[in-house]
Amino acid sequence: MKNKSKKVKLNFLHYCVYVISLGGFLFGYDTGVINGALAFMSRPDQLNLTPTLQGVVSSSLVIGACFGALGCGRVADKIGRRKTLRIIAIVFTIATVLCAVAMNFWLMSLFRFVLGLAVGAASSLSPMYLAEISPENLRSANVNKNAIFIVLGQLCAFIVNAILGNIWGHWGPIWRVMVISGAVPSIILWVNSFRISGSPQWLLLKHRFNRARKIFRRLGFKNTNQLIKSQSDQSSDQNDNEFNWSIALKNKKLFYLLVTGIVIALIQQISGVNTVMYYGTILLEKVGMGESGSLYANVLIGVVSVIASIFGTRMIEHANHHRMLIIGLLGNVVFMALLGTIMKSSVFSQGITNALVLVSLTLFLANHQGIVSPVTWLLLAEMFPGKVKAQFMSVATATTWITNFVISLIYPQLVAILGTALVFFVFAMSNGLSILLASLFVNSKKMAKAYDTASLS
């Protein structure tokens, strides 16, 4: 009977984890779908986008994500994680439909901005929510599922783009079908958000101890009474249990954690990974693969990224996160430099160059999605104490989107000015800078000590 009860709790926890991870899936899908759709919507008989306008359309989602991530923490603290996730699903659905029916560049940019609000909020909420509902022995594995779902969402977008683009690519508005397909998982998320558990950690912060105890037990937590007592004692030692930015920023240990979180978020984005996610099809067309070949090549890249993400997240669960981050960044430097070298070289034939570019892009994404991305999301989800978690996570996540915005906006212009090869050398150097930043700021022992001793009192 006891084993049956344990299995029921574990099944419920797994159900909650997969539903919450749909937020990551939508994050991946909506950032990946533009990769294939952009070339079709740029046609003269559609939205007629120049390289500059392509940058604006791509980056409008990203700037929306900055605001979505920043605002998410306050909303999640106010109304709870589950209700916030439900609102995110609604915004995803409405904004996706509006993007699919946009009739000009201005409307597309506006609706992509609104969609970005949901993407940014989901990117901040999902890993934090997963960490809060997971027992300690399952926390890393469950947070990592969100990283896997992000890559899985990108792969699904690539597959949809490849199928629709190759079968109905002659039909101008096919990009609208690519875009609106993202409404399906957002509706699924909304429906299932009514059946998942709320965050027991949030309930503790609101002093709803009895309700938190029930949810802890249903999710399979051990030593439930000790968890309740610890939070209750902490609350009684503090006059005000609400988050306060002024107090938080004056606390040296909390300030260190916030700065480190911002650095980790910056490291994740200056790798150049999202230029491949957003402009991969156009990039592959530039090296001579053609429209059809580029769409299918993206699918191959997506498959390898998912496989690498699954194996990578399992590998890093029990490894030293700082060491794995350095290893991943070193890999990024090598593969970005290799890409630049291949594109700069005139030794190979066009066919061999295409194959080498595809292999190098695939290795870069496998390395980033299998090591760098899951390590950074795992660090961000676990490094902040409960009282400041939502607000600090929002700032860190917003940093990823602000950096993403700048890079995605200027990438087409950089390519036009410097050429694709030199841009990849620039990204190789930026990953080298990330190694330096990780060495200076990301200290696992110091972060753990600051987490354990930081207080808002």
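Residues numbered from 1 in each chain as written. Predicted model: local features only at pLDDT ≥ 70, side-chain atom pairs only at ≥ 80, totals over all residues. Heavy atoms only, no water.

- As annotated in an unreviewed UniProt entry, the chain carries the name Permease of the major facilitator superfamily and comes from Leuconostoc citreum.
- The record in UniProt for the chain states the following under Subcellular location (unreviewed entry): "Cell membrane".
- The UniProt entry for the chain carries the following text under Sequence similarities (unreviewed entry): "Belongs to the major facilitator superfamily. Sugar transporter (TC 2.A.1.1) family." (UniProt positions renumbered as here; feature names shortened; annotations may be inferred.)

## Overview of the side chain of serine 360
Link 1 in the chain: Within the fold, serine 360 resides in helix α16 (residues 350-382).
Link 2 in the chain: Separated by 2.9 Å, the side chain of serine 360 and the backbone oxygen of leucine 356 make a polar contact.
Link 3 in the chain: Once residues lying within four places of it in the same chain are set aside, the contact partners of serine 360 are Phe335, Leu338, Leu339 and Ile342. (Helix = DSSP H or I, 4+ residues; strand = E, 2+ residues; numbered from the N terminus. Polar contact = N/O pair within 3.5 Å; in protein donor to acceptor, adjacent residues only side chain to side chain. Contact = heavy atoms within 4.5 Å.)

## Some remarks on the pattern of salt bridges
Note that side chains of opposite charge can pair when their charged atoms are close.
Link 1 in the chain: In this structure the tally under the stated criterion is two salt bridges.
Link 2 in the chain: With a closest N to O distance of 3.0 Å, aspartate 77 and arginine 81 form a salt bridge. The same class applies to aspartate 77 and to arginine 81, which are both buried.
Link 3 in the chain: For glutamate 132, the salt bridge goes to arginine 81, with nearest N and O atoms at 2.8 Å. Separated by 51 residues along the polypeptide, glutamate 132 in helix α4 (residues 105-133) and arginine 81 in helix α3 (residues 81-101) bring together distant segments of the chain. (Salt bridge = Lys/Arg side-chain N within 4 Å of Asp/Glu carboxyl O. Buried < 20%, exposed > 50% of the residue type's maximum accessible area, 1.4 Å probe, protein only.)

## Quick look at the packing of aromatic side chains
Link 1 in the chain: One pass over the full model with this rule turns up nine aromatic pairs.
Link 2 in the chain: Judged by centre distance (6.3 Å) and plane angle (25 degrees), the rings of phenylalanine 25 and tyrosine 29 are stacked. Of this pair, phenylalanine 25 and tyrosine 29 both sit in helix α1 (residues 2-41), four residues apart, roughly one helical turn.
Link 3 in the chain: Accessibility expressed as a relative area gives 11% for phenylalanine 25, which makes it buried.
Link 4 in the chain: For tyrosine 29, a relative accessible area of 4% gives the class buried. (Phe/Tyr/Trp six-rings, centres within 6.5 Å; stacked < 30°, edge-to-face > 60°.)

## Quick notes on the nonpolar core
Link 1 in the chain: Ranked by size, the top nonpolar core spans 107 residues in total, and within it Met41 and Trp401 carry the most contacts.
Link 2 in the chain: At 17 residues, the largest contribution of residues to this core is made by α1.
Link 3 in the chain: Each of domain 1 (1-198) and domain 2 (251-456) contributes no fewer than three residues to this core. (Core = buried A, V, L, I, M, F, W, Y, C linked by side-chain atoms within 4.5 Å. Domains from an automatic or database assignment.)

## Looking at the confidence of the model for the chain
Link 1 in the chain: Counting all residues, the mean pLDDT for the chain is 82, and 88% of those residues have values of 70 or more.
Link 2 in the chain: Of the regions scoring below 50 in pLDDT, residues 236-240 engages in four contacts with residues more than four places distant in sequence or in other chains. (pLDDT = per-residue confidence, 0-100.)

## Comments concerning the packing of helix α2 (residues 51-79) against α3
Angle between the axes and distance between the axes: these two values describe a pair of packed helices.
Link 1 in the chain: Put simply, α2 and α3 touch, their axes get as near as 7 Å, and they point 130 degrees apart. Regarding the angle of α2 to α3, the classification is oblique. Residues Cys72, Val75, Ala76, Asp77 and Ile79 of α2 pack against Arg81, Lys83, Thr84 and Ile87 of α3.
Link 2 in the chain: Looking at the contact of α2 with α3 residue by residue, the class counts come to five nonpolar, one polar and three charged. (Axes fitted to C-alpha atoms, helices over the stretch in contact; angles between N-to-C directions. Parallel < 35°, antiparallel > 145°, perpendicular 65-115°, else oblique. Nonpolar A, V, L, I, M, F, W, Y, C, P; charged D, E, K, R; others polar.)

## Here we look at unusual backbone geometry
Link 1 in the chain: Positioned with a positive phi, asparagine 48 is a non-glycine residue whose angle comes to about 55 degrees.
Link 2 in the chain: Structurally, asparagine 48 can be placed in the loop between α1 and α2.
Link 3 in the chain: Taking relative accessible area as the criterion, asparagine 48 reaches 46% and is therefore assigned partly exposed.
Link 4 in the chain: The residue histidine 207 is not glycine, and still its phi comes out positive at about 65 degrees.

## Quick look at a positive patch on the surface
Link 1 in the chain: Taken together, Lys83, Arg208, Arg211, Lys214 and Arg218 make up a surface patch of like positive charges.
Link 2 in the chain: With three residues, helix α9 (residues 209-218) is the largest single contributor of residues to the positive patch. (Patch = residues over 30% accessible without salt bridge, like charges linked within 9 Å, V, L, I, M, F, W, Y side chains within 5 Å. Areas by Shrake-Rupley, 256 points an atom, 1.4 Å probe, with all protein chains shown as cover. Lys, Arg positive; Asp, Glu negative; His and termini not counted. Charge placed at Lys NZ, Arg CZ, Asp CG, Glu CD.)

## Points about the environment of arginine 213
Link 1 in the chain: Within the secondary structure layout, arginine 213 lies in helix α9.
Link 2 in the chain: Between the C-alpha atom of arginine 213 and that of glutamine 201, which follows or precedes it by twelve residues, the distance is 9.9 Å.
Link 3 in the chain: Only 3.0 Å separates the side chain of arginine 213 from the side chain of asparagine 210, close enough to count as a polar contact.

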